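Breakdown of the fold
If you want the building blocks of each chain, they are given just below.
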Amino acid sequence: MEILVNSATCYKNNNIIFKNANIILDNSEICIVMGPNGCGKTTFIKCLCKIENLDSGHILIDNINIQDRKSNYLDNIIYIGHKNSLNDDLTVTENLEYLGAFDQTVNKNSVNKIKDAMEYFDIYKYKDFMVSELSEGNKKKTSLARLILSQKKIWLLDEPLSFLDEIAVKNLINLFSKHQKIGGIIVASSHYDFSDDVDNFKFFKMEN
Amino acid sequence: MIKNLIKKELILYFRNLNNVFLPLIFFFLIISIFPLVLGPDKLLFDNIIPGVIWITAILTTLLSSNNFFRDDYNNGVIEMYLTSSTGVELILFLRIIACWLFTCLPIILFMPLVSLLFDISFEDSFVILITLLMGTPILISIGIFGSALTLGLARNNILTPIIVIPFYIPVLIFSASAIDSVSLGLPYDMQLFILMALLFLILPIMPYLLKYTLELSINN
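Nothing here was measured: the structure is a model prediction, and the numbers come from that model.

**Re the confidence of the model for chain B**
- For chain B, the mean per-residue pLDDT works out to 90, and 99% of the residues sit at or above 70.
- Within chain B, helix H1 (residues 2–15) of chain B has the poorest average pLDDT of any element, 88, and helix H7 (residues 105–109) of chain B the best, 94.

**Some details on the interface of chain A and chain B**
- Across the contact, 32 residues belong to chain A and 25 residues belong to chain B.
- Between chain A and chain B, roughly 2700 Å² of surface is buried when both sides are summed, and carbon and sulfur atoms account for 54% of that area.
- Its largest share of buried area at the contact with chain B, chain A owes to Ile-51, Lys-83 and Phe-102 of chain A, together 26% of the area lost on that side.
- Our enumeration of links across chain A and chain B arrives at 3 salt bridges.
- For Glu-94 of chain A, the salt bridge goes to Arg-15 of chain B, with nearest N and O atoms at 3.0 Å.
- Linking chain A with chain B are 14 residue pairs in polar contact (both at pLDDT 80 or more), by the criterion used here.
- Where the side of chain A that touches chain B is concerned, the elements lending two or more residues are strand S6 (77–80) and helix H2 (92–98) of chain A.
- Split into classes, the residues belonging to the side of chain A that touches chain B amount to 12 nonpolar, 8 polar and 12 charged.

**As for a nonpolar patch on the surface**
Residues and elements named next belong to chain B.
- Together, Ile-2, Ile-6, Leu-10, Phe-14, Leu-17, Phe-21, Leu-22, Ile-25, Leu-29 and Leu-90 line one region of the surface with nonpolar side chains, adding up to about 910 Å² of accessible area.
- Every element with two or more residues in the nonpolar patch is listed here: H1 and helix H2 (18–38).
- Along the chain, the position of Leu-10 falls in helix H1.

**Quick look at the sheet that holds strand S9 (residues 201–205) of chain A**
All names here are of chain A.
- Here we have 5 strands laid out as an open sheet, ordered S6-S7-S8-S3-S9, and parallel in their pairing. If you trace the sheet from one side to the other, it starts and ends with S6 and S9, each paired once. This sheet shows a mean twist of 15° between the axes of neighbouring strands, independent of strand direction.
- Note that S6 and strand S7 (residues 154–158) share 4 bridges and pair parallel. Each residue of the ladder has a partner; that of Ile-80, found in S7, is Leu-157.
- Strands S6 and S7 of the sheet are contacted by helix H4 (residues 136–149), whose axis makes an angle of about 175° with S6.

**Details of the sheet that holds strand S4 (residues 56–61) of chain A**
Residue and element names in this part refer to chain A.
- Taken together, 4 strands build an open sheet; the order of strands is S2-S1-S4-S5 and the sheet is antiparallel. Looking at strand neighbours, the two that pair on one side only are strand S2 (15–25) and strand S5 (64–65), the edges of this open sheet.
- Direction of pairing for strand S1 (residues 3–12) relative to S4: antiparallel, over a ladder of 5 bridges. Paired with Asn-6 across the bridge in S4 is His-58.

Conventions adopted
Residues numbered from 1 in each chain as written. Chains lettered and ligands numbered in written order. Predicted model: local features only at pLDDT ≥ 70, side-chain atom pairs only at ≥ 80, totals over all residues. Heavy atoms only, no water. pLDDT = per-residue confidence, 0-100. Helix = DSSP H or I, 4+ residues; strand = E, 2+ residues; numbered from the N terminus. Contact = heavy atoms within 4.5 Å. Buried area = accessible area lost by both parts, 1.4 Å probe. Salt bridge = Lys/Arg side-chain N within 4 Å of Asp/Glu carboxyl O. Polar contact = N/O pair within 3.5 Å; in protein donor to acceptor, adjacent residues only side chain to side chain. Nonpolar A, V, L, I, M, F, W, Y, C, P; charged D, E, K, R; others polar. Patch = residues over 30% accessible without salt bridge, like charges linked within 9 Å, V, L, I, M, F, W, Y side chains within 5 Å. Areas by Shrake-Rupley, 256 points an atom, 1.4 Å probe, with all protein chains shown as cover. Pairing = 2+ DSSP bridges. Axes fitted to C-alpha atoms, helices over the stretch in contact; angles between N-to-C directions.

Take a look at the structure:
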């Protein structure tokens, strides 16, 4: 698995969001996208999963352009944006069950796995709570529990650490290194310095 | 899987029963306004009541499909649709069907009561019911399409109806013509067949169209 971003440029209403972004990521590499507010971190990550399109340059995953029709990049990508992608009117458990509809790598009828995922992030006690009743941190944890359930190789995370408490941050970093050991790739935007916790670590600095 | 998806849709509507009752109440309120405005002219009423019922049905479908994707957009569920590795077309199809089941079907079920209130003959009300049964799924799917189209724009409450209503015209023409024919004693099966054809044309392509539209409106 390899991600290659080549002179990617993105405009919005004639404003440059970012330009000439180049990055190569191989198996077991973690890339932290850093930069001040408004420098295009979110847009960059959205471009990687084609929610937004580049204006020039290209993104190759396993040497196939993601704009290409025959690219099956979505089979390998899990994207968690800073909107949590949770349905407010479903409970935490139901939301995680619903995930199987969007991700074929999630084991269906995996009641135990869902329980494990909730326990990992310490939200099992909220399992029957509506998502709308949860605090922001717990919503974030619920959406991050998707990472445990899914077996996809590439994780694209937009500000995964926001709203999380210290223990949850530690849990997430453990999860990162676990994923790294099995050869996964992670692209995350964050202000947290991961360099002490994980190796094979790349910085990607963006500027205004 | 499909059983699970259907269950989720049902749960969502049963938890928000006001989404089911409010369109119904709205329908009856609008219908009952007409006699107040037009006065107790029985002859006039016999002529216009099928049209009144249809216009009210249109307003109701517009109202219930207007903000169909709004919550999903704000919660980021649409982003999950777009990055999903399984086809979301099935989910979108089930959502259209569920929306119809819970907003239009109650209205159709209450049609006998409306016929009784306005003294519509049995045959007329039967045709109105059939046209509604085939027309409202088309109206709902076009309305949902409109809401997907205007998703990325802020403050689009009025824009969606403006885009959507012109696409309602074919359905309206053929339903009105069917209702006209039956009150004149002419055969009306041709119009019903055309409505059915429209229905079977639009329902299967709508999920694909919706997915494409969602991609576009998120992308702008």
